[in-house]
Amino acid sequence: MPFERLGLKAELVRAVSARGYAKTTPIQAKTIPLILEGRDVLAGAQTGTGKTAAFTLPLLQLLSAGNPQGRHPRALILTPTRELAAQVGESVGAYGRHLSLRHAVVYGGVGFNPQAQRLRAGVDVLVATPGRLLDHLSQRTLNLSHVEILVLDEADRMLDMGFIHDIRKVLAVMPKKRQNLMFSATYSEEIKKLADGLLHLPALVEVARQSQDAELVEQRVHKVDKERKRELLSHLIGSGDWRQVLVFTRTKHGANRLAEQLGQDGIKSSAIHGNKSQSARTRALSDFKEGRIRALVATDIAARGLDISRLPHVVNFELPNVPEDYVHRIGRTGRAGEEGVALSLVASEERKLLADIERLLKRQLPSEVIPGFEPSGREEPLLKAPGRGGGRSQPGGRGGNRPPAHRAGAGGRRSGSRQHQRT
Ligand code: AMP
């Protein structure tokens, strides 16, 4: 559908056209009119569906119709990761370029004071990760008592990352009467509970999951011995002359090691994960986007929300513990109508993880053995595929094991370098 038909202001339509979007994506066509009507919305949509514009455009329109002069934010967009916050902030700036609304982005890992100054200067739309947002609240550099619209972006990921207590603290300092928009790729019991408490008579919007969209993504499994995976990956990249491949590992340490090893094989690579500084992550991402490195090795959380679209190749160097993460990972390829290939290197110990993924996809993935890399046929002990809660709470994983001081909301200003995200 053309954007003009949604009832968006000319200024917004102009900004959207400048981005090169000719028509809406399904989530945009369904969600934008509901938000413009003032409804609360619960939307099931993953990264890559155009969900950011789906909430940003109507949010900007509603705010531009109100009083823009106050100092305190009138819309708050919460995101689980810094990268996503930065990207949403960029979208707010781009879509709002012909309006006179002010926006700011606050997240951890970078200086506190410049953010405080920015907030003091006055902001209409604030994009934030929960930890740093609470820092600003406790320092009184931020006042949320004028928020009219709240967006929880990737709400499922926020819960997975243990942000529920932070979210509740933030909710407690906002006006009760406001419009609430919640976006989530999955609907767990926890998400339903949060939605029940937060949303008032919400409109439910669902768009096709990427697993069902996946005909543009060619998926293949290469069974191989664990100790030969790195060699096989280098072979695939080299023989296929791949210029841009996103590689997923299960751990930060594994990501570092693999990026180093690929480098030794002559394939320029970087690792991206939560132990890296924000500037190192940003640099790795821009090197990758601009073709200075061929392989970006990432953990699931670090990759989540990265706006890297239309990737020709995604490789699961190791299968994820949680089958839904497989769908997120392969959603990186074949976006916006482009074809992509998603390969999984699967060792004997991962056969149960593969079975779980195939059950979720409701089909078997085609499997191909690469000549010279035939598996030995040894049955290795199974890698555990922990259940939802357990798997997501493991140390080094993405659990709710935040520092106790944080959970207790320990009043004073917390260090700006404290990690709000564990990737
Ligand atoms: P998102 O799901 O918000 O992360 O968006 C995924 C990608 O789709 C981003 O690169 C957007 O710039 C792009 N995008 C968003 N809306 C549209 C549209 N209507 N047409 C084409 N691309 C879009």
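Residues numbered from 1 in each chain as written. Predicted model: local features only at pLDDT ≥ 70, side-chain atom pairs only at ≥ 80, totals over all residues. Heavy atoms only, no water.

1. Comments concerning the overall build of the protein
No. 1: Secondary structure summary: the protein contains 18 helices and 13 strands in total.
No. 2: Within the protein, buried positions represent 56% of all 423 residues.
No. 3: A separation threshold of at least 6 residues defines the contact pool for the protein, and within that pool the share at least 24 residues apart is 76%.
No. 4: Split by element, the accessible area of the protein, about 17700 Å² in all, is 51% carbon and sulfur. (Helix = DSSP H or I, 4+ residues; strand = E, 2+ residues; numbered from the N terminus. Buried < 20%, exposed > 50% of the residue type's maximum accessible area, 1.4 Å probe, protein only. Contact = heavy atoms within 4.5 Å. Areas by Shrake-Rupley, 256 points an atom, 1.4 Å probe, with all protein chains shown as cover.)

2. Some remarks on helix α15 (residues 323–330)
No. 1: For α15, the buried fraction is high: 8 of the 8 residues fall into the buried class.
No. 2: Three or more residues of α15 are buried, namely P323, E324, D325, Y326, V327, H328, R329 and I330.

3. Here's the deal with the sheet that holds strand β12 (residues 313–316)
No. 1: Pairing within the open sheet is parallel, and its 6 strands lie in the order β8-β13-β12-β9-β11-β10. Unpaired on one side and paired on the other, β8 (217–223) and β10 (269–272) mark the two borders of the sheet. Here the strands of the sheet are splayed against their neighbours by 20° on average, with no regard to which way each runs.
No. 2: Two strands pair when backbone bridges link them, and β12 and strand β13 (residues 340–346) are joined in this way by 4 bridges, in the parallel orientation. Looking at β13, one finds that V315 is bridged to L343.
No. 3: Packing against the sheet, helix α13 (residues 278–289) makes contact with β9 (245–248), β10 and β11 (295–298), and its axis sits at approximately 140° to β11.
No. 4: In the packing of α15 onto the sheet, contacts are made with β8, β9, β12 and β13, and the angle to β12 comes to roughly 160°. (Pairing = 2+ DSSP bridges. Axes fitted to C-alpha atoms, helices over the stretch in contact; angles between N-to-C directions.)

4. Notes on the side chain of S270
No. 1: Relative to the elements of secondary structure, S270 occurs in strand β10.
No. 2: On the basis of relative accessibility, which here comes to 17%, the residue S270 falls in the buried class.
No. 3: In contact with S270, not counting residues within four places along its chain, are A259, A284, I293, A295, L296 and V297.

5. Details of the pattern of salt bridges
No. 1: Counted according to the given criterion, the structure contains 26 salt bridges.
No. 2: A salt bridge links D160 to R157, with the nearest nitrogen and oxygen atoms 3.9 Å apart. In this pair, D160 and R157 both sit in helix α7 (residues 155–160), 3 residues apart, roughly one turn of the helix. Both residues of the pair, D160 and R157, belong to the buried class.
No. 3: Here D287 makes a salt bridge to R292, at a shortest N to O gap of 2.8 Å.
No. 4: Exposure remark for D287: the relative accessible area of 18% places this residue in the buried category.
No. 5: You can call R292 partly exposed: its relative accessible area is 44%. (Salt bridge = Lys/Arg side-chain N within 4 Å of Asp/Glu carboxyl O.)

6. Looking at the packing of α15 against helix α16 (residues 351–361)
No. 1: At a closest axis distance of 8 Å, the pairing of α15 and α16 adopts a crossing angle of 70°. Classified by the angle their axes make, α15 and α16 are roughly perpendicular. Here α15 contributes P323, E324, Y326 and V327 to the contact with α16, which in turn contributes D356, I357, L360 and L361. (Parallel < 35°, antiparallel > 145°, perpendicular 65-115°, else oblique.)

7. Quick look at the site of the ligand
No. 1: Of all residues adjacent to the ligand, which total 13 residues, the nearest are Y21, Q28, G48, G50 and T52.
No. 2: A distance of 2.9 Å separates a nitrogen atom of the ligand from a polar backbone atom of K23.
No. 3: Contacts to the ligand include T49, whose backbone N or O atom sits 3.1 Å from an oxygen atom.
No. 4: Contact with the protein chains removes 80% of the 500 Å² of surface that the ligand exposes when unbound.
No. 5: Residue classes in the shell around the ligand are distributed as 2 nonpolar, 8 polar and 3 charged. (Near = heavy atom within 4 Å. Polar contact = N/O pair within 3.5 Å; in protein donor to acceptor, adjacent residues only side chain to side chain. Nonpolar A, V, L, I, M, F, W, Y, C, P; charged D, E, K, R; others polar.)

8. With respect to the packing of helix α3 (residues 51–64) against helix α4 (residues 82–95)
No. 1: Contact pair α3 / α4: the axes reach a minimum separation of 10 Å and the direction vectors enclose 45°. By the angle between their axes, α3 is oblique relative to α4. Like other packed secondary-structure pairs, α3 and α4 cross with a definite hand, here right-handed. Every residue of α4 that contacts α3 at T52, A53, F55, T56, L57 and L60 is listed here: V88, S91, V92 and Y95.
No. 2: Of the residues belonging to the contact of α3 with α4, the class tally is 7 nonpolar, 3 polar and no charged. (Left-handed = near helix turned anticlockwise from the far one by under 90°.)

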